[in-house]
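Here is what each chain is made of, one letter per residue.
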Amino acid sequence: MQNPVKIRPPFIQWGGHLQSIYPSLFRAVPIVYERERLELEDGDFLDLDWHKVGSKKLIIVTHGLEGDSTRPYVTALIKLFSQQGIDGLGWNCRSCSGEINRLPRFYHHGDAEDLRTVVEHAIRLGYDSIFLSGCSMGGSLTLRLLGEHPERLPKEVMGAFVGSVPLDIYSSVRELDRPYKRFYMNRFLRKLKAKLMIKEQMFPGNELVSCRDFVHIKNFVDFDGRYTAPIHGYRSAFDFYEKASTKPLLHRVQVPTMIVQSLNDPFLGPECYEPSDNPLIQFILTRNGGHVGFMVQGQEYTWTEKKALEFFQSLL
């Protein structure tokens, strides 16, 4: 494995926390989307946001936990690719598009079938070369699609670029439960509680989405044990962490893939930095960049966004 890459971030972003927080709060890369609602066989729906320039090539970007298609790491990547004549699609996981989904279930790290549905829909529309990208949980979903059932991956999928991925979910859960990092976790839990309160009104009497016990939720282990696991068919939080982590699937990936992890990412534990021996996976470490940050002094696009474009162009 190569030596870690050093990125030159903006001066004000002098550590992993600022390199993570500043882009999330203050970076803005607006683009114009055309929304499509994709109805699902189970009665639910996905909202797809398209940015088309008239290409048969497409990048599909998957957002992170409690993100959406308007997050700057999604819009910037789509904008950068569009400048090279490539269509872009930022899809929203269930409940993340601004309208709550119809079923009691949500989305989670271990279920890439919605992403598969999106890819297959794009192929039906005529796209013949598809590149996948995702950050954080979006990276987990992307890698799961590649590695869980590689024999089912459409031939139109050329490769993937992911970054800041919790390859081992429990290691990230432990990191975010550290006292000086809990503000990240608490922010996620507040957003998830707000959605559960809506679900509770939609499905009165359904204990799976009842907020009665939320007063006892102090961390992700509590939340995943009480909600994520039972709603989505896992035995416990730890069963979910084991089965939903993508690290055990990396050896099965059969298309060119690049994974970028920053050593000062406050979300990732040590197990997330261990590279795969799969020759199709390029595993790159950076000294800095934070979590889904990677901003560069004086540059509109981040180091990872430019790296993703470079990687995609190498596959053409």
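Reading the values: the criteria
Residues numbered from 1 in each chain as written. Predicted model: local features only at pLDDT ≥ 70, side-chain atom pairs only at ≥ 80, totals over all residues. Heavy atoms only, no water. Helix = DSSP H or I, 4+ residues; strand = E, 2+ residues; numbered from the N terminus. Rg over C-alpha atoms; globule rule 2.2 N^0.38 Å. Buried < 20%, exposed > 50% of the residue type's maximum accessible area, 1.4 Å probe, protein only. Contact = heavy atoms within 4.5 Å. Pairing = 2+ DSSP bridges. Axes fitted to C-alpha atoms, helices over the stretch in contact; angles between N-to-C directions. Salt bridge = Lys/Arg side-chain N within 4 Å of Asp/Glu carboxyl O. Polar contact = N/O pair within 3.5 Å; in protein donor to acceptor, adjacent residues only side chain to side chain.

Asker: Which parts of the structure should I look at to understand the overall build of the chain?
Answerer: Check the secondary structure of the chain and you find 9 helices and 8 strands. Over its C-alpha atoms the chain spans a radius of gyration of 19 Å, differing by no more than 12% from the 20 Å that the globule rule assigns to 316 residues. Projected onto its principal axes, the C-alpha positions of the chain cover 55 × 45 × 35 Å. Expressed as a percentage of its 316 residues, the buried residues of the chain come to 59%. Long-range contacts, defined as pairs at least 24 residues apart, comprise 75% of the intrachain contacts of the chain with a sequence gap of at least 6.

Asker: Just checking my understanding: could you explain the sheet that holds strand 2 (residues 45-51) for this structure?
Answerer: Strand pairing in a sheet relies on backbone hydrogen bonds, with the paired strands running either antiparallel or parallel. Spatially, the 8 strands line up as an open sheet ordered 1-2-4-3-5-6-7-8, and their pairing is mixed. Lying at the two open borders of the sheet, with one neighbouring strand each, are strand 1 (34-39) and strand 8 (281-286). Averaged over all pairs of adjacent strands, the angle between strand axes in this sheet comes to 20°, irrespective of strand direction. Pairing geometry for strand 3 (residues 57-62) and strand 5 (residues 129-135), over 6 bridges, is parallel. Bridging from a neighbouring strand, Leu-58 pairs with Ile-130 of strand 5. Those strands touched by helix 2 (residues 72-82) are strand 2, strand 3, strand 4 (87-92) and strand 5, and its axis lies near 170° from that of strand 3.

Asker: What am I meant to see in unusual backbone geometry here?
Answerer: The phi angle of most residues is negative, glycine excepted, and most peptide bonds adopt the trans form. The backbone of Ser-95 sits at a positive phi, close to 85°, despite the residue not being glycine. Given a relative accessible area of 7%, Ser-95 falls into the buried group. Phi at Ser-136 takes a positive value of approximately 55°, unusual for a residue other than glycine. With respect to the helices and strands, Ser-136 occurs in the loop between strand 5 and helix 4 (137-147). On the basis of relative accessible area, Ser-136 is assigned to the buried category, the value being 12%.

Asker: Honestly, the pattern of salt bridges in this entry has me stumped. Any pointers?
Answerer: Side chains carrying opposite charge are able to pair once their charged atoms draw close together. Under the definition given, this model contains 27 salt bridges. Between Glu-39 and Arg-102 there is a salt bridge, and its shortest N-O distance comes to 2.7 Å. Here Glu-39, found in strand 1, pairs with Arg-102, found in the loop between strand 4 and helix 3 (113-124); they are 63 residues apart in sequence, far enough to count as distant. Overall, the relative accessible area of 47% leaves Glu-39 in the partly exposed class. In this structure, the salt-bridge partner of Lys-181 is Glu-175, at a minimum N-O distance of 2.6 Å.

Asker: Please explain the environment of Asp-111 as it appears in this structure.
Answerer: Within the fold, Asp-111 resides in the loop between strand 4 and helix 3. Spatially, the C-alpha atoms of Asp-111 and Pro-166 are 15 Å apart, while their sequence positions differ by 55 residues. Here Asp-111 is in contact with Arg-105, Leu-141 and Arg-144, once residues within four sequence places are set aside. Within the local environment of Asp-111, its side chain forms a polar contact with the side chain of Arg-105, the two groups lying 2.9 Å apart.

Asker: Help me out: how do you make sense of the side chain of Lys-195 in this one?
Answerer: Along the chain, Lys-195 turns up in helix 6 (residues 182-202). Within polar-contact distance, the side chain of Lys-195 engages the side chain of Glu-66 at 3.0 Å. Within the local environment of Lys-195, its side chain forms a polar contact with the backbone oxygen of Ser-95, the two atoms lying 2.9 Å apart. Excluding its chain neighbours within four sequence positions, the residues that come into contact with Lys-195 are Glu-66, Ser-95, Cys-96, Ile-100, Phe-106 and Tyr-107.

Asker: Whenever I open this one, the pairing of strand 2 confuses me. Can you help?
Answerer: For a regular strand, the rule is simple: side chains alternate between the two faces of the sheet. Counting buried positions along strand 2 gives 7 out of 7 residues, so the element sits mostly inside the fold. Burial of strand 2 is two-sided: the residues Phe-45, Asp-47, Asp-49 and His-51 facing one way and the residues Leu-46, Leu-48 and Trp-50 facing the other way are all buried. Where strand 1 meets strand 2, 6 bridges bridge the pair, whose relative direction is antiparallel. Its bridge partner being in strand 2, Glu-34 is matched across the sheet by Trp-50. Between the antiparallel neighbours strand 1 and strand 2 lie 5 residues, among them Gly-43 with a positive phi of about 95°. Note: strand 2 against strand 4, 5 bridges, orientation antiparallel. Among the inter-strand pairings, His-51 is bridged to a residue of strand 4, identified as Gly-88.

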